[in-house]
Amino acid sequence: MPLSPQDLQRLEQALLRRRTAVLDELRRETRDEDGLLSLPSHRGESDRGVDFEMEAVDLAQSLRDAGEIQAIDAALARLRDGRYGLCTECGEAIDAARLLAQPAAPRCAACQQRFERTHAGG
């Protein structure tokens, strides 16, 4: 079932809302009280091994958020140029239910499964 203009508009709004939410979260995670770029430090809160692990988790979370913003921006670009809803791998239409559940999805379910198998573990 193809996406209607109303579906496309709802999906664009969902992408924009999610982008704002993730960007706000990323700013909270990476800015100090003066607004300068800074990752949280856990030094002195526990032993050194735990400090390192907590800082690694914070960094991974920030990188995940940045990656999500990139995926949303790519989906918005596809929306603008008329390629939204088409798989970036095979060019076939992505199922509307998949896009409604994951608006930034770049691939159809079959290509996503192949991608995950190919890129498993790294």
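Every value quoted in this text rests on a predicted model; they were computed, and no experiment measured them.

**Q** Describe the layout of surface pockets, with residues and values.
**A** Where empty space is left becomes clear once a probe the size of a water molecule has been rolled over the atoms. Taken as a whole, the largest pocket holds about 200 Å³ of empty space. Looking at the lining of the largest pocket, the elements with two or more residues in it are α1 (5-30), α2 (48-80) and α4 (109-118). Residues belonging to the lining of the largest pocket are distributed by class as follows: eight nonpolar, two polar and five charged.

**Q** I'd love a proper account of the side chain of D7, names of residues and values included.
**A** Summarising the element assignment, D7 is placed in helix α1. For D7, a relative accessible area of 12% puts it in the buried group. Only 2.7 Å separates the side chain of D7 from the side chain of R10, close enough to count as a polar contact.

**Q** Quick one: what's the story with the packing of aromatic side chains, residue by residue and with numbers?
**A** Scanning all chains against the criterion turns up zero aromatic pairs. When the ring centre of F115 is taken as origin, the NZ or CZ atom of R107, which lies over that ring, is 3.7 Å away.

**Q** Please give an account of the environment of L15 that cites residues and values.
**A** As for its placement among the helices and strands, L15 is situated in helix α1. Take L15: its relative accessible area is 2%, and that puts it in the buried class. In this structure the C-alpha to C-alpha distance between L15 and L76, which are 61 residues apart in sequence, comes to 7.4 Å. In this structure, L15 is in contact with I72, A75, L76, L79, Y84, P103 and A104, ignoring residues within four places of it in sequence.

**Q** A description of the pattern of salt bridges should follow, citing residues and the corresponding values.
**A** Side-chain pairs of opposite charge can arise where the charged atoms are in close proximity. Evaluation of the coordinates by the stated rule reveals eight salt bridges. R18 is the salt-bridge partner of E68, the closest N and O atoms lying 2.6 Å from each other. Of this pair, E68 sits in helix α2 while R18 sits in helix α1, and the two are 50 residues apart along the sequence. Residue classification places R18 among the partly exposed residues on the basis of a relative accessible area of 38%. A salt bridge links R64 to E25, with the shortest nitrogen-to-oxygen separation between them at 3.7 Å. Taken as a pair, R64 in helix α2 and E25 in helix α1 lie far apart in primary sequence, 39 residues in all. Given the relative accessible area of 48%, R64 is considered partly exposed. For E25, a relative accessible area of 24% puts it in the partly exposed group. Taken together, the salt bridges that share partners define one network made up of E25, R64 and D65.

Procedures and definitions
- As a convention, each chain's residues are numbered from 1 in the sequence order in which they are written.
- Local features in a predicted model are, by the rule used here, given only for residues with pLDDT of at least 70; side-chain atom pairs are given and counted only at 80 or more, and totals for whole chains, interfaces and linings are based on all residues.
- Excluding hydrogens and water, the side-chain values take into account all heavy atoms of the structure.
- Method remark: on a 1 Å grid restricted to protein atoms, a set of points is classed as a cavity if a 1.4 Å probe fits but cannot get out and as a pocket if it is open with protein on both sides within 12 Å along at least five of seven lines; lining residues have an atom within 4 Å of a point.
- Grid points are joined across faces, edges and corners, and a volume is the space filled by probe spheres set on the points.
- Each helix corresponds to a stretch of at least 4 residues labelled H or I by DSSP, and each strand to a stretch of at least 2 residues labelled E; elements are numbered beginning at the N terminus.
- Each residue gets one label: Ala, Val, Leu, Ile, Met, Phe, Trp, Tyr, Cys and Pro are nonpolar, Asp, Glu, Lys and Arg are charged, and the others, such as Gly, are polar.
- The cut-offs for exposure are 20% and 50% of the maximum accessible area for each residue type, with area from a 1.4 Å probe on protein chains only; residues under the lower value are buried, those over the upper are exposed, and the others partly exposed.
- Here a polar contact is taken to be a pair of N or O atoms separated by no more than 3.5 Å, where protein atoms must pair a possible hydrogen donor with a possible acceptor and residues adjacent in sequence count only if both atoms sit in side chains.
- Ring geometry is summarised as follows: Phe, Tyr and Trp rings, the Trp one being its six-membered ring, pair when their centres sit within 6.5 Å, and such pairs are stacked at plane angles under 30 degrees, edge-to-face over 60 and tilted between the two.
- A ring is considered to have a charge above it if a Lys NZ or an Arg CZ atom is located within 6 Å of its centre and within 35 degrees of its normal.
- Should any heavy atoms of two residues lie within 4.5 Å, those residues are considered in contact.
- The salt bridge definition used is simple: a Lys or Arg side-chain nitrogen within 4 Å of an Asp or Glu carboxyl oxygen.

Without other data, these values stay purely geometric and don't point to any function.
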